[in-house]
Amino acid sequence: MKLNDKKEMAGVYFAVSCCMLLIACNVAVFALTPRIVAPLAIILSNAITLLLMFLSVRPVNKLIQREFSRSAEELLRQQKEEEALTSRVRELEDRNRELESRIDTQSQLAAVPRNLNFTFKVETMTYDKTGYVVKEETLDKFMDDPAYKLADKNGFLDRVSRWLDDSAHPGVKKVLYIGKYDIRASIGIDFTKIKFAQSSDGITLFGVKFTKLNDLKIDSSEDDVNHCWLLNESELGTSINQNPLYSEFTEEYARVRGEETRQTLEGEVEGLCAHYTEVFRRSLSDRYPGISFVDHIEDSSATWYSLKDHIRDERIYPLAANMFLMADVLSGSGSRVVSI
């Protein structure tokens, strides 16, 4: 409470106390008045009492208003804290559901083997992986999540449509997603991007790493299955819900799951590239102890030369020939399944 408010409330309490004291004095004075003026004393006492009561109304009213305001502010503060806590819990639940879905997608993708076809050129291998991601979740998880287009469907017609649908299809509503993934990409070392620098300690190489070079063409098949349905499950059986109210939800759910799958597969490609980069560099280091590798040269003060333009340079030729030889070995390994 501010200092001015404290002074004001002190004045209010003082005014009320004075009024109570004056009322008590008024009663005492006229109670002791001789009997001969008793009728007049009663009239004057009542009049003075009424006057003092009117004078005490304002400070008493201020006390009541202060207590009411304090109670209202406390109630409003508690309500805001409760709303903030509810919102935070909803956000954490949504985040937890998304993380669980990603983990489930990763586990399904990890169970399918990768086909790696090794070739020689700049491309040293191709990454090929095909399969299906299947998910089934209850609709209740997504009703309050704005990302899935259901939280904002609270209009009168939407509520009526939902009520009619729940009446016609009692039981549990679930979303079923079946999505095919088919990724095919070339992986290798782009020798045109490799650079080298020489120092007293040896040779430093930049750009010696495996990366995804490009995506390869994928031919679709009529047998491919890609569905996202809202199911009604009850004691009578399971049926597909055709209510347009949920069409945006199933489309968004399928899009999110597809993007989730794509990111997971891209992560697998990056992990595969990192693994072969480490193996490739370690093999070179075993043969040439004086070499080192860097991934950034923006802040380097050394002089860098392109491997492509100096392939016959005696400083780098044996090392370059060995790198090509190792790539040729990888290329000649043929198609096989590799797990990291």
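In this text, all values refer to a predicted model and were calculated from it rather than measured experimentally.

**Quick look at the overall build of the protein**
Within the protein, the secondary structure is distributed over 5 helices and 11 strands. Expressed as a percentage of its 340 residues, the buried residues of the protein come to 31%. For the protein, restricting intrachain contacts to residue pairs at least 6 apart in sequence, the fraction spanning at least 24 positions comes to 79%. About 21700 Å² of surface is accessible on the protein, with carbon and sulfur atoms providing 57% of the total.

**A short note on the packing of aromatic side chains**
Enumeration over the complete set of coordinates arrives at 7 aromatic pairs. Between the aromatic rings of F210 and F280, the centroid separation amounts to 5.7 Å while the plane-to-plane angle is 80°, which identifies the pairing as edge-to-face. In this pair, F210 is assigned in the loop between β5 (202-206) and β6 (211-215) and F280 in helix α4 (residues 247-287), connecting sequence segments 70 residues apart. Judged by relative accessible area, F210 falls into the buried class, the value being 4%.

**Some thoughts on the layout of surface pockets**
Taken as a whole, the largest pocket encloses approximately 150 Å³ of empty space. Counting residues per element, the lining of the largest pocket draws most heavily on strand β3 (residues 172-188), at 6 residues.

**Topic: the nonpolar core**
With 43 residues, the main nonpolar core has L205, F249 and L284 as its most contacted residues. Secondary structure elements with two or more residues in this core: β2 (123-138), β3, β5, β7 (227-234), α4, β9 (291-294) and α5 (317-331). For F249, the contacting residues outside a window of four places in its chain are L139, F142, Y148, L150, V175 and L230.

**Remarks on the side chain of R257**
Among the structural elements, R257 can be located in helix α4. You can call R257 buried: its relative accessible area is 1%.

**Some words on the sheet that holds β9**
With respect to topology, 4 strands assemble into an open sheet ordered β9-β5-β4-β10, the strand pairing being mixed. Both outer strands of the open sheet, β9 and β10 (305-306), are each paired with one neighbouring strand and no more. Sheet topology places strand β4 (residues 195-199) next to β10; 2 bridges connect them, and they run antiparallel. In the sheet register, F196 faces β10, and the bridge partner there is Y305.

**Brief notes about the pairing of β7**
Alignment of β3 against β7, held across 7 bridges, turns out to be antiparallel. Along β7, the bridge assignment pairs Y177 with C228. In this sheet, strand β8 (residues 237-240) lies alongside β7 in antiparallel orientation, the contact comprising 4 bridges. For N232, the partnering residue across the bridge sits in β8 and is S239. Once β7 ends, the chain turns through 2 residues before running back antiparallel as β8.

**Notes on the confidence of the model for the protein**
With 69% of its residues at a pLDDT of at least 70, the protein reaches an overall mean of 76. No element of the protein has a lower mean pLDDT than strand β11 (residues 335-337), at 37, and none a higher one than β9, at 92. A low-confidence stretch, residues 116-120 (pLDDT under 50), is modelled with 28 contacts involving residues beyond four sequence positions or located in other chains. Ignoring residues within four places in sequence, the model shows residues 334-340, a span with pLDDT below 50, making 20 contacts including any to other chains.

**Description of the pattern of salt bridges**
Taken as a whole and assessed by the stated rule, the structure comprises 19 salt bridges. In this structure, R97 engages D94 in a salt bridge whose closest nitrogen and oxygen atoms are separated by 3.2 Å. With R97 and D94 both in helix α2 (residues 38-110), this residue pair falls 3 residues apart, about one helical turn. Neither residue differs from the other here; R97 and D94 are each classed as buried. Through salt bridges that share partners, D94, R97, E98, K135, R257 and E260 make up one connected network.

**Examining the environment of L272**
Take L272: it is sitting in helix α4. According to the relative accessible area criterion, L272 is buried, its value standing at 1%.

**Some details on the environment of D94**
Residue classification places D94 among the buried residues on the basis of a relative accessible area of 14%. With sequence-adjacent residues up to four places away left out, D94 is seen in contact with K141 and D145.

Basis of the calculations
Residues numbered from 1 in each chain as written. Predicted model: local features only at pLDDT ≥ 70, side-chain atom pairs only at ≥ 80, totals over all residues. Heavy atoms only, no water. Helix = DSSP H or I, 4+ residues; strand = E, 2+ residues; numbered from the N terminus. Buried < 20%, exposed > 50% of the residue type's maximum accessible area, 1.4 Å probe, protein only. Contact = heavy atoms within 4.5 Å. Areas by Shrake-Rupley, 256 points an atom, 1.4 Å probe, with all protein chains shown as cover. Phe/Tyr/Trp six-rings, centres within 6.5 Å; stacked < 30°, edge-to-face > 60°. 1 Å grid on protein atoms, 1.4 Å probe; cavity = no way out; pocket = protein on both sides within 12 Å on 5 of 7 lines; lining within 4 Å. Points joined across faces, edges and corners; volume = space filled by probe spheres on them. Core = buried A, V, L, I, M, F, W, Y, C linked by side-chain atoms within 4.5 Å. Pairing = 2+ DSSP bridges. pLDDT = per-residue confidence, 0-100. Salt bridge = Lys/Arg side-chain N within 4 Å of Asp/Glu carboxyl O.

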